Amino acid sequence: MAHHVNIERRRQAVYGWLLLSPAVILLTTFAFYPSLATLWSSLFSRGTRRRPSEFVGTENYTDLFADPTFWKVVTNNLIYAGATIPISIAIALGMALWANSKIPARGFVRTAYFTPTVLPMIAAANLWLFFYTPGLGVLDQIGSLFGLPSVNWLGQPETALWAVIVVTIWKEAGFFMIFYLAALQTIPEDLKEAADIEGASRWTYTRRIVLPLLMPTTLFIMVNALINSVKLIDHLFILTKGGPNDASKLILYYIWEMAFAFFDAPHAAAMTILVLVVLGVVAGIKFTILDKRTHYQ
Amino acid sequence: MATPFVHVENVAKRWNGQLGVENVSLSIPRGSFVALLGPSGCGKSTTLRLLSGLELPDEGRISIDGRDVTTAAPSDRNLSMVFQSYALFPHLNVAENVVFGLKVRRVAAAERREKLKRALEITGLLGYENRKPGELSGGQRQRVALARAIVANQPLCLMDEPLSNLDAKLRASVRKDIKKLQVDLGITVVYVTHDQTEAMSMADMVVLMKDGHIQQIGAPEDLYYRPANTFVAEFVGSPPMALIEGAALPGFEGVPLIGLRAENVHVAAPGQGRLRCQVSECEFLGSETFIGLTHPSATGLTVSMPGLKTIPAGQSLDIGFADEHLHFFDASGQRAETRPPRPAE
């Protein structure tokens, strides 16, 4: 008997591993191995013809911490994340609540909100380049109607980062709205009716019932927005190239520059590892602390 | 009867020209238990939602407790509601669900605690305060919904098929609980159901509906013993009333339709009965067996026999019945109070 049970158990285990193997192979090849390889190469110096690459320990990291551009880029990215995450989530939630209510042309409103998401980031950036261009751009055209002076939104350090932030929010909000919209549609209509009978105002209903029920979605969107705030840099190539004077440079753009413009792979690798660590820690905090306070249906 | 507590006058509701309900007029005395009964899609839930204010009527007036509430918001009508799905807030625990309305109405915390305790006591939910609805059984959820209605302490409570998600055994016990609660609290209950057992056993007054129109309003015994038309006759009772064409019964040729309840039918000796039928099926219920019969000019004929009987289908069976148990209906299906005169010979 025990023999049969053993064979059956082994069969189940083989079956399980077979099901897992595609994901394991792909993730190992394209995620785990590159991460480890990056960590490894971040511990070596940059090899030149005269001085071959050698193990330097954490020297690349200390270099980075001493680099003012690195800190500038980190600050930029913190501002970028601090602005894009809450604002795009708030706008997405507002749009979803509106697009979910009984309004005329609801389908059109939803499509309109979603359009920015469909556009490739490069196309969206070109569009906004046209908005921002001093003199010719739409913003300046509108401004001049009211006698406002021409502003070079992308060309001056004070406004460049914010101009980039606006594009990101415009691009992301519609995408997040779709998730909220889907979540809102899973909330049964009779909860609203029960709240109505109890005399709850629209605001009370939204705050006490809808928002808590949307928490799982909010959590998911927050993690996505955080990842996007690090990885979404396509528009920088079109709009500012990180300038002027690094005012709109973000970490990933700096990593790209370091690796492919300055050909300093070890420092780029070190920066990559730092980003990975920070993202991992933040996602961990979100899922452990916020998860406890989140109701999953 | 004093002025009715709830008064509905000629109310109609349509959706995009499609009929919801029409010509609904109802007077509900204070403290009564009213059941809105009918097959699905008959407009009983619509009527309830019109009372609650979740839908507004296209025509007609509704007044509750002497106040015209035709267009008033649900919260201004002083009523509570129990939903078919219970509509419990899934992220709030039992206590929070029950006191949600009190919090909205800014009732002080001490009073809230007291009312919560009483409502949980009545519904037997003490000790479950911190459970989420997802951690409760169907019957317990149903009781939370009841507790939420009780704690609101409103004079009128609307219930939309509150027992339809419970299993049969539980249904019978909760039915008694709800009835007892209604009597103890002295509230008026309007109760929607498609289950005639619920309506007949709990209600003081049954409103039977079909296709958006009221068919009959009356006490359960009225509906059973004096059905207003053939629809009521065939809906109420288990098994429902059989309808026989008058032409098939000697002496009743002038009556279009004759109604007859199963308990008034007896099996007669061969050749001694008034109708000869064929047995179509036997339904054994323990203390009795219902024997379904077919006859070319009758529908729904059933005879009840004590104990277990197995009669092969297709066998002939003669049945007898007394004249005083017959119900008469005219050609349009309406009840005729007296037996129509015999046609001139």
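Each value, and the rule that gives it
Residues numbered from 1 in each chain as written. Chains lettered and ligands numbered in written order. Predicted model: local features only at pLDDT ≥ 70, side-chain atom pairs only at ≥ 80, totals over all residues. Heavy atoms only, no water. Helix = DSSP H or I, 4+ residues; strand = E, 2+ residues; numbered from the N terminus. Rg over C-alpha atoms; globule rule 2.2 N^0.38 Å. Buried < 20%, exposed > 50% of the residue type's maximum accessible area, 1.4 Å probe, protein only. Contact = heavy atoms within 4.5 Å. 1 Å grid on protein atoms, 1.4 Å probe; cavity = no way out; pocket = protein on both sides within 12 Å on 5 of 7 lines; lining within 4 Å. Points joined across faces, edges and corners; volume = space filled by probe spheres on them. Nonpolar A, V, L, I, M, F, W, Y, C, P; charged D, E, K, R; others polar. Buried area = accessible area lost by both parts, 1.4 Å probe. Salt bridge = Lys/Arg side-chain N within 4 Å of Asp/Glu carboxyl O. Polar contact = N/O pair within 3.5 Å; in protein donor to acceptor, adjacent residues only side chain to side chain. Expected span 1.5 Å × (residues − 1). Arc of directions from axis to C-beta. Axes fitted to C-alpha atoms, helices over the stretch in contact; angles between N-to-C directions. Parallel < 35°, antiparallel > 145°, perpendicular 65-115°, else oblique. Left-handed = near helix turned anticlockwise from the far one by under 90°. Pairing = 2+ DSSP bridges.

Draft legend 1. Looking closely at the overall build of chain A. When helices and strands are counted, chain A shows 12 helices and 0 strands. Helices (α) and strands (β) of chain A occur, in sequence order from the N terminus, as α-α-α-α-α-α-α-α-α-α-α-α. Its C-alpha atoms give chain A a radius of gyration of 25 Å, clearly above 19 Å, the size a compact globule of 297 residues would have. Considering only C-alpha atoms, chain A reaches an extent of 90 × 80 × 30 Å along its principal axes. Considering chain A as a whole, with its 297 residues, one finds that 40% of them fall into the buried category. Looking at chain A alone, contacts between residues at least 24 apart form 69% of all its contacts between residues at least 6 apart.

Draft legend 2. Examining the side chain of B:His295 more closely. All names here are of chain B. Examined against the element boundaries, His295 turns out to sit in the loop between strand 15 (288–294) and strand 16 (298–299). Judged by its relative accessible area of 15%, His295 falls in the buried class. Excluding residues within four positions of it along the chain, His295 makes contact with Ala248, Leu275, Arg276, Cys277 and Leu301.

Draft legend 3. Molecular detail of the layout of surface pockets. Residues and elements named next belong to chain A. In this structure, the largest pocket occupies an estimated 710 Å³ of space. For the largest pocket, the lining is made up of 19 residues, of which Asn100, Ser101, Glu189, Lys192 and Tyr205 are closest to its centre. Looking at the lining of the largest pocket, the elements with two or more residues in it are helix 3 (68–100), helix 7 (157–185), helix 8 (189–197) and helix 9 (202–231). Class assignment for the residues of the lining of the largest pocket results in 7 nonpolar, 4 polar and 8 charged. Volume-wise, the second largest pocket comes out at about 380 Å³. For the second largest pocket, the lining is made up of 17 residues, of which Val74, Asn77, Leu78, Ile251 and Val278 are closest to its centre.

Draft legend 4. Summary view of the interface of chain B and chain A. Each side of the interface is counted separately: chain B has 23 residues, and chain A has 17 residues. Summed over both sides, the interface between chain B and chain A buries roughly 1,800 Å², with carbon and sulfur atoms accounting for 67% of that surface. The interface formed by chain B and chain A contains 2 salt bridges. A salt bridge links B:Arg105 to A:Glu198; its shortest N-O distance comes to 3.0 Å. Remark: the boundary between chain B and chain A carries 4 residue pairs in polar contact (both at pLDDT 80 or more). When residues of the side of chain B that touches chain A are traced back to their parent elements, those giving at least two are helix 1 (44–52), strand 6 (79–82) and helix 2 (94–104) of chain B. In terms of residue count, helix 2 of chain B provides more of the side of chain B that touches chain A than any other element does, 4 residues in total. Class assignment for the residues of the side of chain B that touches chain A results in 12 nonpolar, 6 polar and 5 charged.

Draft legend 5. The arrangement of the pattern of salt bridges in detail. Per the stated rule, a full pass over the model turns up 19 salt bridges over all chains. The salt bridge partner of B:Arg171 is B:Asp195, with a shortest N-O separation of 4.0 Å. You can see B:Arg171 sitting in helix 5 (residues 168–185) and its partner B:Asp195 sitting in the loop between strand 8 (188–193) and helix 6 (196–202), a full 24 residues away along the chain. With relative accessibility at 23%, the residue B:Arg171 sits in the partly exposed group. Across the salt bridge formed by B:Arg274 and B:Asp323, the nearest N and O atoms sit 2.9 Å from each other. Placement of the pair is B:Arg274 in the loop between strand 13 (266–268) and strand 14 (275–284) and B:Asp323 in the loop between strand 18 (316–320) and strand 19 (327–329), with a sequence separation of 49 residues. B:Asp323 gets classed as partly exposed once you look at its relative accessible area, which sits at 37%. Among the charged side chains, a network of salt bridges with common partners joins A:Glu193, B:Arg49 and B:Glu55.

Draft legend 6. Representation of the environment of A:Phe65 in the model. Examined against the element boundaries, A:Phe65 turns out to sit in helix 2 (residues 59–65). With sequence-adjacent residues up to four places away left out, A:Phe65 is seen in contact with A:Phe70, A:Trp71 and A:Leu274.

Draft legend 7. Spotlight on helix 3 (residues 109–123) of chain B. All names here are of chain B. Taking 1.5 Å as the rise per residue, helix 3 with 15 residues should run 21 Å; its terminal C-alpha atoms sit 21 Å apart, in good agreement. Buried within helix 3 are the following residues: Leu116, Ala119, Leu120 and Thr123. Viewed along the axis of helix 3, the buried residues span an arc of 95 degrees, placing them on a single side of the element. Buried residues along helix 3 sit against helix 2 and helix 4 (138–151). Looking one or two residues past helix 3, Gly124 carries a phi angle of roughly 65 degrees, positive in sign.

Draft legend 8. Expanded view of the side chain of B:Ser297. Residues and elements named next belong to chain B. Tracing the chain through its elements places Ser297 in the loop between strand 15 and strand 16. The exposure class of Ser297 is buried, given its relative accessible area of 17%. When near neighbours in sequence (up to four residues on either side) are disregarded, Ser297 contacts Leu243, Ile244, Glu245 and Ala248.

Draft legend 9. Looking closely at the packing of helix 3 of chain B against helix 4 of chain B. All names here are of chain B. Running from N to C, helix 3 and helix 4 cross one another at 135 degrees; their axes reach a closest spacing of 9 Å. By the criterion of interaxial angle, the relationship of helix 3 to helix 4 is oblique. Where helix 3 crosses over helix 4, the handedness of that crossing is right-handed. On helix 4, the residues touching Lys115, Leu116, Ala119, Leu120, Ile122 and Thr123 of helix 3 are Arg143, Leu146, Ala147, Ile150 and Val151. For the contact of helix 3 with helix 4, a count of residues per class yields 8 nonpolar, 1 polar and 2 charged.

Draft legend 10. Seen up close, the sheet that holds strand 12 (residues 257–260) of chain B. All names here are of chain B. Read across the open sheet, the 5 strands follow the order 16-11-12-19-20; overall the sheet is antiparallel. At either margin of the open sheet sits one strand with a lone partner, and together these are strand 16 and strand 20 (335–336). Alignment of strand 11 (residues 242–245) against strand 16, held across 2 bridges, turns out to be antiparallel. Residue pairing in the sheet places Ile244 in a bridge with Ala298 of strand 16.

Draft legend 11. Just the packing of helix 3 of chain A against helix 7 of chain A, in detail. All names here are of chain A. Relative to each other, helix 3 and helix 7 sit at 40 degrees, their axes nearing to 6 Å. With respect to helix 7, the element helix 3 is oriented oblique. Judged by the twist between their axes, the crossing of helix 3 over helix 7 is right-handed. Split by residue class, the contact of helix 3 with helix 7 holds 23 nonpolar, 7 polar and 1 charged.

Draft legend 12. Expanded view of the environment of A:Gly243. Residue and element names in this part refer to chain A. Mapped onto the secondary structure, Gly243 falls in the loop between helix 10 (234–239) and helix 11 (251–261). Classification of Gly243 as buried rests on a relative accessible area of 15%. Along the backbone, Gly243 and Leu161 are 82 residues apart, and their C-alpha atoms lie at a distance of 8.9 Å. The contacts of Gly243, once residues within four sequence positions are left out, are Ala160 and Ser248.

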